Amino acid sequence: MATPKVIHPQINDYLPNTFEDLKDIKNRPDEWKIEQGLSGAQLPFIDQTGKEPIAIHPSKPAVPTKDDDAIKAVGDPNELFQMERPGWKGYVEWEAYPEKKKQGHKILTSQNFPPNPEFQMGPIPDTNPVLPGTHWKMWHHALGGELTDVPEDSWKTVLKEKHPEMLHLLQFPYNGEPPKRLVTDKAITPNSLHFVRNHGGIPLIDQDKFSFTMDGLVKNPTEFTLADLMDESRFPRVEKYVTIQCSGTRRIEQISLYPGQGDEVPQAPWAEGAIGTAKYVGISLKKVIKACGGLINGGKHLEFYGADTYFKDNEVMNYLVSVPWSKVKANEVLLAWEMNGEPLPAIHGYPLRVVVLGYIGARSVKWLYRIKAIENPTLAPVQSKEYLYFNQQIGKFNQSPVDGIQIQEMPVSSAIMSPWTKQVIIHNGKINCKGWAYSGGGRWPERVELSADGGFSWYAVPLENLSEKRKWTWRTWSFDLPCDVEGWVEIVCRCWDNSLNTQPLTVRAAWNWGLHVTSSAHRISVYSVNKTRAKTAEKLKKFAETGSPLAPLTWPEEFPNITWDAYKKFWAENEPRDVDE
């Protein structure tokens, strides 16, 4: 192949590409990393469709611009985007006001913003929060009005309501999960440790000022207060243990293999903690619809409106998704106001949220203020253009939303919480493992299996080592996995649900452009130090006697591995080191 000519889209000129031309040009300090794919975002595209290949380099970030006159002409944000309802701080109603949406769009398109940090094709920051949410903070501040303080108020809410050791993957809109050691510490996740996947800021709503509307294709559109819903003479109380799982759970495994779709929200590098189980108290949505006289005129879907502000393609909107009537009819959609015996935390949707049993977490809308009965699934971007599962042949340059399957029921999945990948485990023939298993759609984990040899042979976790079986929840588990190996082993976990669904065995089989639903068998690599082996026990004793460091694994030994006398004795008593003809 000919050496590619290099074209930079910014300056649109050809750079030298011969050895003679480059004799005075030195490599970049990170040249080796770029050549080895460790800084993938820096790599040029190679266009091989012409007579000669052309290298197209990544565009440089655009210089921020702002058309102050155009923005000023839109109007005063404090008047355009003011508080909609007393006691609803941070809520702006977009869906009822098309003109307001146009004004927001004009403000956003009259300026540009610095890019979000690249982390899928480069190093993930060593910070907590990991990613700041650059665009989303700037978009809220750019629109101003009632949205001005939302990023800062939301972060204050995180610090107030969440465990101090939460892993903040995205500061705004907030995405966070607990550290692995706490994910399955309890079969019921404490509120402060339950993962959070927010799509916008956190509205701060006064319960006394709260109401929501049920309208659209129902016989009698009605407005309900929280007191109305809590009236047990009208609506039977429901208590349910429910696992909610984000479709991004274990996304880091897909990202580590191949990067995928970025979005206005950077794809948070979720690990195994984007799942949690809680006891919710509320009522069945089916009963609310019945109280409104039932569905009419072909109403078959229920559209949920969240009070948070969402952005897509420079458009501004409220958070909207929908579920089919068949799901509601089965009493599998709750309107909940209580979580683990407490009022919903603000970060989890106070004062009222939707809980859709067995579905992707994105359908369980928080800060609910409206339910609209409609004829077809919502056209809102969150559902029509996002949370789609693509075939592996679909990617950035050929994907269309109609190519993806809308994710609803979550498939069977499981994960190992302990040990962690790349850890060294010193053991006596068994490695203690802990984790979770879950299946959506009303199915449940029936069997959890582990392998210490990459998936060739499997051990079933004893039933007594699994948490209680419930229809809509995970099961946490623990197991002492037999392991006779000295050295690197691959531990694999998989689950079988009650319908005998199980997990594909490789991450590649689960990879998709949207980076959703990493449902493959969970694999970790650990270094097994088997103390039941005499030589291993003797060597560990030597480390202790000499005070030599055990960790990290790759640190050279600081004492002789064998004496010269022992070395010579070995060869004297065995075959010669070399063979003579």
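Residues numbered from 1 in each chain as written. Predicted model: local features only at pLDDT ≥ 70, side-chain atom pairs only at ≥ 80, totals over all residues. Heavy atoms only, no water.

Here we look at the overall build of the protein chain
Under the convention used in this document: Runs of E in the DSSP output that reach at least two residues are strands. Runs of H or I that reach at least four are helices, and both are numbered from the N terminus. Partly exposed describes any residue whose relative accessible area lies between the buried limit of under 20% and the exposed limit of over 50%, with all areas from a 1.4 Å probe on protein chains only and scaled to the type maximum. In this analysis, two residues are considered to be in contact whenever any of their non-hydrogen atoms come within 4.5 Å of each other. For the area figures, the Shrake-Rupley method with a 1.4 Å probe applies, and any residue is considered shielded solely by the protein chains shown. Neither His nor the chain ends is counted toward charge; the positive residues are Lys and Arg and the negative residues Asp and Glu. Charge positions come from single atoms, namely NZ of Lys, CZ of Arg, CG of Asp or CD of Glu.
When helices and strands are tallied, the protein chain shows 15 helices and 29 strands. With respect to the principal axes defined by its C-alpha atoms, the protein chain has extents near 100 × 70 × 45 Å. A buried classification covers 49% of the 581 residues belonging to the protein chain. The contacts in the protein chain between residues at least 6 apart in sequence include a share of 70% that link residues at least 24 apart. Carbon and sulfur atoms form 53% of the exposed surface of the protein chain, whose accessible area is close to 28,600 Å². Across the protein chain, the 66 positively charged side chains and the 71 negatively charged ones have centroids separated by 5 Å.

With respect to the sheet that holds strand E8 (residues 196-197)
The criterion, for reference: Pairs of strands are assigned from DSSP output, requiring at least two bridges between the strands.
The three strands are arranged E6-E7-E8 in an open sheet whose pairing can be described as antiparallel. Of all the strands in the sheet, the pair left with one neighbour each is strand E6 (167-170) and E8. In this sheet, strand E7 (residues 175-177) lies alongside E6 in antiparallel orientation, the contact comprising three bridges. When the sheet's bridge partners are listed, Leu 167 is paired in E7 with Glu 177.

Considerations on the nonpolar core
What counts here: The term nonpolar core refers to a set of buried residues drawn from Ala, Val, Leu, Ile, Met, Phe, Trp, Tyr and Cys, joined through side-chain atoms within 4.5 Å. Domain delimitation in this document rests on an assignment produced automatically or drawn from a domain database.
Counting residues in each nonpolar core, the largest one holds 114 residues, and the members touching the most others are Phe 212, Met 214, Leu 229, Leu 285, Phe 304 and Leu 335. Both of domain 2 (71-387) and domain 3 (412-530) provide at least three residues apiece to this core. Judged by nonpolar contacts, the second largest core, of 21 residues, contains Ile 416, Phe 479, Cys 483 and Cys 493.

As for the side chain of Thr 189
Here Thr 189 is to be found in the loop between helix H7 (180-183) and E8. Taking the relative accessible area as the measure of exposure, Thr 189 reaches 2% and is therefore buried. If we skip the residues at most four places from it in the chain, Thr 189 touches His 194, Gly 276, Thr 277, Asn 340 and Trp 474.

Some points on the pairing of strand E16 (residues 333-339)
Put simply, side chains in a regular strand alternate between the two faces of the sheet. By the criterion of burial, E16 is predominantly enclosed, with six of the seven residues buried. For E16 and strand E18 (residues 353-356), the ladder comprises four bridges, and the chain directions are antiparallel. Paired with Leu 335 across the two strands is Val 354, which belongs to E18. Summarising the sheet, E16 and strand E17 (residues 342-343) pair through two bridges and their orientation is antiparallel. Paired with Met 339 across the two strands is Glu 342, which belongs to E17. Remark: two residues form the turn of the hairpin made by E16 and E17, two consecutive strands paired antiparallel; Asn 340 in that turn has positive phi of roughly 55 degrees.

Some words on the UniProt feature "domain: Oxidoreductase molybdopterin-binding" (unreviewed entry) in the protein chain
Just so we agree on the cut-off: UniProt positions are given in the numbering used here, feature names are shortened, and annotations may be inferred rather than shown by experiment.
Residues given the UniProt feature "domain: Oxidoreductase molybdopterin-binding" (unreviewed entry) here are residues 199-377. End-to-end, the C-alpha atoms of residues 199-377 are 20 Å apart, and along that stretch the chain is 13% helix and 40% strand.

Some points on the pattern of salt bridges
Keep this limit in mind: Salt bridge, as used here: a side-chain nitrogen of Lys or Arg that lies within 4 Å of a carboxyl oxygen of Asp or Glu.
What the rule picks out here adds up to 21 salt bridges. Here Glu 332 makes a salt bridge to Lys 327, at a shortest N to O gap of 2.8 Å. When the shortest N-O distance is used, the salt bridge between Glu 409 and Arg 443 registers 3.3 Å. Placement of Glu 409 in the loop between strand E21 (405-406) and strand E22 (413-418) and of Arg 443 in the loop between strand E24 (430-438) and strand E25 (445-451) is noted, with a sequence separation of 34 residues between them. The partly exposed category is assigned to Glu 409, whose relative accessible area is 40%. Via salt bridges that share partners, Glu 409, Arg 443 and Asp 497 belong to a single interconnected network.

A look at the UniProt feature "domain: Moybdenum cofactor oxidoreductase dimerisation" (unreviewed entry) in the protein chain
As annotated by UniProt and renumbered to match this structure, "domain: Moybdenum cofactor oxidoreductase dimerisation" (unreviewed entry) occupies residues 406-526. For residues 406-526, the end-to-end C-alpha separation is 36 Å, with 3% helix and 44% strand making up the annotated structure.

Considering the sheet that holds strand E11 (residues 222-225)
What counts here: Axis lines are fitted through C-alpha atoms, for helices just across the contact stretch, and the angle between N-to-C directions can take any value from 0 to 180 degrees.
Spatially, E11-E10-E19-E14-E15 is the arrangement adopted by the five strands of the open sheet, whose pairing is mixed. Of all the strands in the sheet, just E11 and strand E15 (315-324) have a single pairing partner and so form its edges. Neighbouring strand axes in the sheet, compared pairwise and without regard to direction, differ in orientation by 25 degrees on average. Across ten bridges, strand E14 (residues 301-312) lies against E15 in antiparallel orientation. Considered in E15, the bridge of Tyr 305 is made with Leu 320. Strand contacts of helix H4 (residues 98-109): E14 and E15, with the helix running at about 125 degrees to E15, the strand carrying the most contacts. Running over the sheet, helix H5 (residues 134-143) touches E14 and E15 and is turned about 85 degrees from E14.

Comments concerning helix H14 (residues 534-546)
To keep it simple, the criterion reads: Multiply 1.5 Å by the residue count of a helix minus one, and that product is the helix's expected span. For this quantity, the arc is that covered by the directions from the helix axis to the C-beta atoms.
For H14, built from 13 residues, the straight-helix expectation of 18 Å at 1.5 Å per residue is met to within 8% by its first-to-last C-alpha distance of 19 Å. All of the buried residues in H14 are Thr 536, Leu 540 and Phe 543. Mapping the buried residues of H14 onto a view down its axis gives an arc of 55 degrees, with all of them on the same face. Opposite the buried face of H14, by more than 90 degrees, sit the exposed residues Ala 534, Lys 535, Glu 538, Lys 541 and Glu 545. Looking at the residues trailing H14, positive phi occurs at Gly 547, about 70 degrees.

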